[in-house]
Amino acid sequence: MSTSCHSSDRVEVVFDHPNLVSDSGLLLIATLAARLGLRGLVGRWVHTGLPNAAAKVMTVVLGMIAGATNIDSLDRLRTGSTSRVLGFAPLAPSTIGTFLRSFKFGHVRQLDAVNSRLLSNAWAAGAGPASGEELVVDLGGRPDFAVGLAVA
């Protein structure tokens, strides 16, 4: 990595070495996604008519977790050796844009099916509360949005 300072209030950071990894904290999330079978679930349930749905969904999910706020910022996953950390080659923003524009309501429902099965896999792996305990999901820190679930 090199930096060049043009003035005292501006620093430009450039990833110019092939072994650098941006967002290396994604290793944990990518490992969890692999262990819960996210790629296989997307491959089985999401059918848009375009190839590589699993890699495209993984690119969007991991990009959002890394802080991508728009399609162009998904490109951050393609820097340096990040693909070696993630275990797949993130796709170009233009490819992701084409993929997302192909979605209809039914495709959103397919992703919903993936989500419910992914949650079931997480619970089966021990991520949920013990039997008989209550789980509270706090959405946005507001008590009026809290959802309580009793686990049987």
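1. What about the packing of aromatic side chains?
Here is step 1 of the chain: Taken as a whole and judged by the stated rule, the model has one aromatic pair.
Here is step 2 of the chain: Between Phe99 and Phe103, the aromatic rings sit 5.0 Å apart at their centres with planes inclined by 80 degrees, giving edge-to-face as the arrangement.
Here is step 3 of the chain: We classify Phe103 as buried; its relative accessible area is 18%.
Here is step 4 of the chain: In this structure, Arg117 is placed above the aromatic ring of Trp45, and the distance from its NZ or CZ to the ring centre is 3.8 Å.

2. Considering the pattern of salt bridges
Here is step 1 of the chain: Counted under the stated rule, the structure contains two salt bridges.
Here is step 2 of the chain: Linking Arg109 and Asp112 is a salt bridge whose minimum nitrogen-to-oxygen distance equals 2.8 Å. With Arg109 and Asp112 both in helix H6 (residues 105–124) and three residues apart, the pair spans about one turn of that helix.
Here is step 3 of the chain: On the basis of relative accessibility, which here comes to 47%, the residue Arg109 falls in the partly exposed class.

3. Examining the nonpolar core
Here is step 1 of the chain: If you look at the biggest cluster of nonpolar residues, it comprises 28 residues, and the most contacted ones within it are Leu38, Val42, Leu62 and Leu86.
Here is step 2 of the chain: Elements that contribute at least two residues to this core include exactly helix H1 (26–36), helix H2 (38–45), helix H3 (53–65), helix H5 (93–101) and H6.
Here is step 3 of the chain: Looking at this core, the element that brings in the most residues is H3, giving seven residues.
Here is step 4 of the chain: With residues up to four places along the chain from it excluded, the contact list for Leu86 reads Leu26, Ala30, Leu62 and Leu77.

4. Quick notes on the packing of H2 against H6
Think of two packed helices as two axes; the pair is described by the angle between the axes and how far apart they sit.
Here is step 1 of the chain: Following both chains from N to C, one finds H2 and H6 inclined at 145 degrees, their axes separated by 9 Å at the closest point. In terms of crossing hand, the pair formed by H2 and H6 is right-handed. Where H2 abuts H6, its residues Leu38, Leu41, Val42 and Trp45 lie against Gln110, Ala113, Val114, Arg117, Leu118 and Asn121.
Here is step 2 of the chain: A per-class count over the contact of H2 with H6 returns seven nonpolar, two polar and one charged.

5. Things to note about the confidence of the model for the protein chain
Here is step 1 of the chain: This prediction gives the protein chain a mean pLDDT of 81; 76% of its residues lie at or above 70.
Here is step 2 of the chain: Confidence, read as mean pLDDT per element, is least for strand S1 (residues 2–7) in the protein chain (44) and greatest for H2 (96).
Here is step 3 of the chain: This model gives residues 1–8 a pLDDT under 50, and the stretch forms 18 contacts once residues within four places in sequence are excluded.

The rules we used
Residues numbered from 1 in each chain as written. Predicted model: local features only at pLDDT ≥ 70, side-chain atom pairs only at ≥ 80, totals over all residues. Heavy atoms only, no water. Phe/Tyr/Trp six-rings, centres within 6.5 Å; stacked < 30°, edge-to-face > 60°. Buried < 20%, exposed > 50% of the residue type's maximum accessible area, 1.4 Å probe, protein only. Lys NZ or Arg CZ within 6 Å of the ring centre and 35° of its normal. Salt bridge = Lys/Arg side-chain N within 4 Å of Asp/Glu carboxyl O. Helix = DSSP H or I, 4+ residues; strand = E, 2+ residues; numbered from the N terminus. Core = buried A, V, L, I, M, F, W, Y, C linked by side-chain atoms within 4.5 Å. Contact = heavy atoms within 4.5 Å. Axes fitted to C-alpha atoms, helices over the stretch in contact; angles between N-to-C directions. Left-handed = near helix turned anticlockwise from the far one by under 90°. Nonpolar A, V, L, I, M, F, W, Y, C, P; charged D, E, K, R; others polar. pLDDT = per-residue confidence, 0-100.

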